[in-house]
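The residues making up each chain are set out below.
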Amino acid sequence: MEAVRTEPQAKTAALSFKNVDILFHRNNSASAISQAVKRLDEGGTREQIAAELGVTVGVANANLEIRRGEISVLMGLSGSGKSTLLRAANRLNKVTRGSVEIGNGTAFVDIASCDDETLRDMRRTRVTMVFQQFGLLPWRTVRENVSFGLELRGFTPNARRKIAEEKLELVGLTRWANSYVSELSGGMQQRVGLARAFATDADILLMDEPFSALDPLIRRKLQDELLDLQTRLKKTIVFVSHDIDEALRIGSNIAIMREGRIIQAGPPQEIISSPVDDYVRDFVRHMNPLPLLNAASVMRLLEVCPRWDENTIQLDATGYYGFNPVTATVTDRTGTEVALQYHDTDDISELQVISGCVYCVPVTASLNTVALLRQKSGMPVLISDGSQIIGLCDDADMIGAITGVARASKVN
Ligand SMILES: Nc1ncnc2c1ncn2[C@@H]1O[C@H](COP(=O)(O)OP(=O)(O)OP(=O)(O)O)[C@@H](O)[C@H]1O
């Protein structure tokens, strides 16, 4: 086994891409590729490098950390480099420069440069690729398909059977175990594929558009099943998709790629509320953001709000109400105090909202909760980080978040 590097960060990171470039040349010419790397460093574009040197830049300077037990989605238009980056995670694609480090809780192995024995070991125990359509074998039974990987790895028939049965139960296909895959519907076949993926020991699953050929309803159902399996089995999943709704639905982290580069990476709320450029904004524009937005992504920080005076922040658009963060009190212009109600959960179904009261909710409250409180109370909503009130949310803030035009930087 290869020497491994220990890092404190390995405790949480399952997989880290560090400064990864992946370049292709038809004849694999080392000199063309090294000139292309130089051109890349000088700022050459993908088109220029392809035209000048016949080298395709699949991935350029990708940095991404995937945390243990999360589903991370690589998104982007066709040709943006998603599959190329994904395939580098088990060295199906050779990394031209940079490292792809896989952590095991105490140490990292660079899969891009480790020796062959280590690579085989990593592929067997740590990281496995789930291909588009799962590559099922139609002439084998469902059970045989689920246990196929185990068979290759020399598990005994009894052990294979036990594991396969466990996983088939997880995806609700127990009674189909002896059927041939070709006898199942498309959605059921995908479920066999999921069971097979989860039957491997590997704790990192690489999934390349596994649901892309399915109709929308089945696709949604399988996304739910994947989320459910993930919650129970806690695998780390890197999932390629070009569908923003799928990415937002299943991803706890999303990396958006364009022309080989990761141009934005972060939790779904962050991508929706602060797209870095028009390319990301275009993806986001076509989805329904409401279920994903929360108070944190919608609020305006108190520090950027207009003030009555040194102590008092203007609460509403008319300037009639003010909020004093030191005393945590709301008053109107006549000095009369307005009731402030704290509401700590995201469930307001039982709450009798009082008109004229100001409500305060945590940063994790959904936009739906904030909007209902705003509407029913007739007052802006204050937002707390758990220890103090840090922001407020009025109509314009919510509209700004929904339309993707942030208000925070434009206030005052
Ligand atoms: N083995 C290869 N040899 C040469 N070029 C390649 C190879 N693999 C990928 N590429 C090129 O790298 C670029 C990125 O391709 P990649 O398949 O990663 O994109 P993608 O974002 O996954 O696209 P899609 O959504 O269409 O699958 C493309 O220009 C592609 O032609």
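For the structure, check the block above.
These numbers were taken from a predicted model, which means no experiment stands behind them. (Residues numbered from 1 in each chain as written. Predicted model: local features only at pLDDT ≥ 70, side-chain atom pairs only at ≥ 80, totals over all residues. Heavy atoms only, no water.)

Chemist: Can you walk me through the packing of aromatic side chains in this structure?
Modeler: The description of two aromatic rings rests on the distance between their centres and on the angle between their planes. Summed over the entire model, instances satisfying the criterion amount to 3 aromatic pairs. Where phenylalanine 211 meets phenylalanine 239, the ring centres are 5.8 Å apart and the plane angle is 55 degrees; that geometry is what we call tilted. Of the two residues, phenylalanine 211 sits in the loop between strand S8 (204-208) and helix H9 (216-233) while phenylalanine 239 sits in strand S9 (residues 236-241), which places them 28 residues apart along the sequence. We note that phenylalanine 211, like phenylalanine 239, is buried. Ring geometry for tyrosine 279 against phenylalanine 283: centres 5.3 Å apart, planes inclined by 90 degrees, an arrangement best described as edge-to-face. Within this pair, tyrosine 279 and its partner phenylalanine 283 are both found in helix H12 (residues 278-285), separated by 4 residues, close to a single helical turn. (Phe/Tyr/Trp six-rings, centres within 6.5 Å; stacked < 30°, edge-to-face > 60°. Helix = DSSP H or I, 4+ residues; strand = E, 2+ residues; numbered from the N terminus. Buried < 20%, exposed > 50% of the residue type's maximum accessible area, 1.4 Å probe, protein only.)

Chemist: Looking at this structure, how should I read the site of the ligand?
Modeler: Close to the ligand lie 13 residues, the nearest being Ser78, Gly79, Lys82, Ser83 and Thr84. Serine 78 is positioned with one of its side-chain polar atoms (N or O) 2.5 Å from an oxygen atom of the ligand. The separation between an oxygen atom of the ligand and a polar main-chain atom of glycine 79 is 2.8 Å. Taken by itself the ligand offers 630 Å² of open surface, and the protein chains cover 60% of this. No other element matches helix H3 (residues 82-88), which puts 3 residues into the shell around the ligand. Of the residues assigned to the shell around the ligand, the class counts are 2 nonpolar, 8 polar and 3 charged. (Near = heavy atom within 4 Å. Polar contact = N/O pair within 3.5 Å; in protein donor to acceptor, adjacent residues only side chain to side chain. Areas by Shrake-Rupley, 256 points an atom, 1.4 Å probe, with all protein chains shown as cover. Nonpolar A, V, L, I, M, F, W, Y, C, P; charged D, E, K, R; others polar.)

Chemist: Would you explain the layout of surface pockets in this entry?
Modeler: With a probe scaled to a water molecule rolled over the atoms, the places where space remains empty come into view. By volume, the largest pocket is sized at about 600 Å³. Lining the largest pocket are 20 residues, and of these Thr128, Met129, Gly149, Leu152 and Thr200 sit closest to its centre. Those elements giving two or more residues to the lining of the largest pocket turn out to be helix H4 (116-125), strand S7 (127-130), helix H6 (148-152) and helix H8 (186-199). Counting residues per element, the lining of the largest pocket draws most heavily on S7, at 4 residues. (1 Å grid on protein atoms, 1.4 Å probe; cavity = no way out; pocket = protein on both sides within 12 Å on 5 of 7 lines; lining within 4 Å. Points joined across faces, edges and corners; volume = space filled by probe spheres on them.)

Chemist: What is the right way to look at the nonpolar core in this model?
Modeler: General note: in soluble globular proteins, nonpolar side chains tend to be found buried as a group. Residues Leu194, Leu226 and Phe239 are the most contacted members of the largest nonpolar core, which totals 64 residues. Here the element with the most residues in this core is H8; it accounts for 7 residues. Lining this core are residues from two domains, each supplying at least three of them: domain 1 (4-126 + 202-284) and domain 2 (295-403). Filtering out sequence-adjacent residues up to four positions away, phenylalanine 239 remains in contact with Ile71, Ser72, Val73, Leu74, Met207, Pro210, Phe211, Leu226, Glu246 and Ile250. In terms of nonpolar packing, the next biggest core, distinct from the first, is built from 32 residues, Ile111, Cys114, Met122 and Ala255 among them. (Core = buried A, V, L, I, M, F, W, Y, C linked by side-chain atoms within 4.5 Å. Domains from an automatic or database assignment. Contact = heavy atoms within 4.5 Å.)

Chemist: Which parts of the structure should I look at to understand the pattern of salt bridges?
Modeler: Side-chain pairing between opposite charges can occur once the charged atoms of the two side chains come close. What the rule picks out here adds up to 20 salt bridges. Note that arginine 232 and aspartate 228 form a salt bridge whose closest N and O atoms lie 2.7 Å from each other. Highlighted residues: arginine 232 and aspartate 228, both in helix H9, separated by 4 residues, approximately one helical turn. We classify arginine 232 as partly exposed; its relative accessible area is 46%. (Salt bridge = Lys/Arg side-chain N within 4 Å of Asp/Glu carboxyl O.)

Chemist: Whenever I open this one, the packing of helix H7 (residues 157-170) against H8 confuses me. Can you help?
Modeler: Geometrically, a packed helix pair is captured by the angle between its two axes and the distance between the axes. At a minimum axis separation of 9 Å, H7 and H8 run at an interaxial angle of 130 degrees. Put simply, H7 runs oblique to H8. Crossing of H7 against H8: the hand is right-handed. Between H7 and H8, the contacting residues are Ile163, Lys167 and Leu168 on the first element and Ala195, Phe198 and Ala199 on the second. Among the residues forming the contact of H7 with H8, the class breakdown is 5 nonpolar, no polar and 1 charged. (Axes fitted to C-alpha atoms, helices over the stretch in contact; angles between N-to-C directions. Parallel < 35°, antiparallel > 145°, perpendicular 65-115°, else oblique. Left-handed = near helix turned anticlockwise from the far one by under 90°.)

Chemist: Would you explain the side chain of threonine 128 in this entry?
Modeler: Looking at the secondary structure, you find threonine 128 in strand S7. Note on threonine 128: relative accessible area 18%, which makes it buried.

Chemist: Just checking my understanding: could you explain the environment of leucine 340 for this structure?
Modeler: Structurally, the position occupied by leucine 340 is in strand S17 (residues 340-342). The exposure class assigned to leucine 340 is buried, which follows from its relative accessible area of 19%. C-alpha separation for the pair leucine 340 and leucine 292, spaced 48 residues apart in sequence, amounts to 27 Å. The contacts of leucine 340, once residues within four sequence positions are left out, are Phe323, Ala328, Val358, Cys360, Leu382 and Ile389.

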